[in-house]
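# Examining the three-dimensional arrangement
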Amino acid sequence: MQITKRFNIREVRATNASNAPIEIMLQTEPWRGEQKETALILDAKTCASHGIPRSLDIVGRTLICSFESREVPRRAKASGAGRESLQSSDLLPRVLSRIETVSFPHGGTLEKHEETTRTLELRSFDPNEGTRYSPLPCPWYRFWLELSEEEHETCKALPADSVFAMRCQLASQ
């Protein structure tokens, strides 16, 4: 399965941390009144591999990201054994959700409004999750994707051993 999404870069933060000199925050739509943070934390090598300049001038530009599913051995995710099969651009599916909202009429209208939102959270593999006392490993990614019905159903059918290989690039100006 492959999913391609376009994101607007809403903020770039530069740091003097040796492992992550740039953090890119992407614009996402709020779901059910909640803003989900979509972010990339990149070092110089990763910026170069994606063709992303380490510059504050990329704010407002479009980042095109592709996510392609593949299977990895289950033990590579759970215990870290066999982790060599995971790449730094492999993202774990964390939350797949489908939320149905029904708004009932008020005022003079008699029609109710129904809306279904499908989302997928993808995050970088982190063997120290929940026990972290140091900065996040770099590169580190977290994406919240809004899915179509077909994409949602395909994600539901993926094997439990699936990860998503991520590639991204800046759109031409």
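Here we take up the overall build of the protein chain. Helices and strands together make up the secondary structure of the protein chain, namely three helices and eight strands. Of the regular secondary structure in the protein chain, the N- to C-terminal order runs β-β-β-α-β-α-β-β-β-α-β. Per-residue burial over the protein chain gives 40% buried out of 173 residues. Put simply, of all contacts in the protein chain between residues at least 6 apart along the chain, 68% involve residues at least 24 apart. On the protein chain, roughly 10100 Å² of surface is accessible, and the fraction owed to carbon and sulfur atoms is 46%.

Counting through the fold element by element, Arg 94 comes out in strand S5 (residues 90–103). Distance from Arg 94 to Val 163, taken between C-alpha atoms, is 9.9 Å for residues 69 residues apart in sequence.

Let us now look at the layout of surface pockets. Reported here for the largest pocket is a volume of approximately 160 Å³. Forming the walls of the largest pocket are Asp 43, Lys 45, Thr 46, Ser 49, His 50, Ser 88, Ser 89, Cys 138, Pro 139, Tyr 141 and Met 166. Ranked by the residues each element gives to the lining of the largest pocket, the list is headed by helix H1 (residues 44–50), at four residues. Considered class by class, the residues forming the lining of the largest pocket number four nonpolar, five polar and two charged.

Two descriptors summarise a pair of aromatic rings, namely the distance from one centre to the other and the angle between the planes of the rings. Taken as a whole and judged by the stated rule, the model has three aromatic pairs. Where Phe 7 meets Phe 143, the ring centres are 5.6 Å apart and the plane angle is 45 degrees; that geometry is what we call tilted. On the criterion of sequence distance, the pair formed by Phe 7 in strand S1 (residues 2–14) and Phe 143 in strand S7 (residues 140–146) is long-range, its members being 136 residues apart. Each member of the pair Phe 7 and Phe 143 is classed as buried. Centroid distance Tyr 141 to Phe 143: 6.4 Å. Interplanar angle 20 degrees. Geometry classified as stacked. Classification of Phe 143 as buried rests on a relative accessible area of 0%.

A few words now on the nonpolar core. The biggest cluster of nonpolar side chains holds 27 residues, and the ones touching the most others in it are Ile 24, Leu 40, Leu 63, Phe 67, Phe 143 and Leu 145. Apart from the residues within four sequence positions on either side, Phe 67 is in contact with Met 1, Gln 2, Ile 3, Leu 91, Leu 122, Phe 143, Leu 145, Phe 164, Ala 165 and Met 166. Core analysis: the next-biggest nonpolar cluster, separate from the first, contains five residues, Val 72, Leu 86, Leu 92 and Val 163 among them.

Now for the pattern of salt bridges. Taken as a whole and assessed by the stated rule, the structure comprises 12 salt bridges. For Lys 5, the salt bridge goes to Glu 151, with nearest N and O atoms at 3.5 Å. Of this pair, Lys 5 sits in strand S1 while Glu 151 sits in helix H3 (residues 149–156), and the two are 146 residues apart along the sequence. A single burial state applies to Lys 5 and to Glu 151, both of which are buried. A salt bridge links Glu 114 to Lys 112; the nearest nitrogen and oxygen atoms lie 3.8 Å apart. Look at Glu 114 and you get exposed, because its relative accessible area is 54%. Its relative accessible area of 47% is what places Lys 112 among the partly exposed residues. Each of Arg 10, Glu 11, Arg 13, Glu 23 and Glu 37 takes part in one network of salt bridges that share partners.

Cut-off values and rules
For every chain, the first residue of the written sequence is number 1, and numbering continues from 1 along that sequence. Restriction of local features to residues with pLDDT of at least 70 applies here, the model being predicted, together with a cutoff of 80 or more for giving and counting side-chain atom pairs; totals for whole chains, interfaces and linings are based on all residues. Calculated side-chain values reflect all of the structure's heavy atoms, with hydrogen atoms and water omitted. A run of H or I in DSSP counts as a helix once it spans at least four residues, and a run of E counts as a strand once it spans at least two, with each numbered from the N terminus. With a 1.4 Å probe rolled over the protein chains alone, any residue whose accessible area is under 20% of its type maximum counts as buried; one over 50% counts as exposed, and the rest are partly exposed. Contact definition: two residues touch when any of their heavy atoms are within 4.5 Å. For accessible areas, the Shrake-Rupley method is used with a probe of radius 1.4 Å. Any residue's cover is judged against the shown protein chains and nothing else. Only protein atoms enter the 1 Å grid, on which a cavity is a set of points fitting a 1.4 Å probe that cannot get out and a pocket is an open set with protein on both sides within 12 Å along at least 5 of 7 lines, lining residues being those with an atom within 4 Å of a point. Grid points are joined across faces, edges and corners, and a volume is the space filled by probe spheres set on the points. Nonpolar residues are Ala, Val, Leu, Ile, Met, Phe, Trp, Tyr, Cys and Pro. Charged residues are Asp, Glu, Lys and Arg, and all others, Gly as well, are polar. Two rings belonging to Phe, Tyr or Trp (six-membered ring only in the last case) form a pair when the distance between their centres is within 6.5 Å. Interplanar angles under 30 degrees mark stacking, angles over 60 mark edge-to-face geometry, and anything in between is tilted. Among buried residues, the Ala, Val, Leu, Ile, Met, Phe, Trp, Tyr and Cys ones that are joined through side-chain atoms within 4.5 Å form a nonpolar core. What counts as a salt bridge is simple: a side-chain nitrogen of Lys or Arg found within 4 Å of a carboxyl oxygen of Asp or Glu.

The analysis is restricted to geometry; functional conclusions fall outside its scope.
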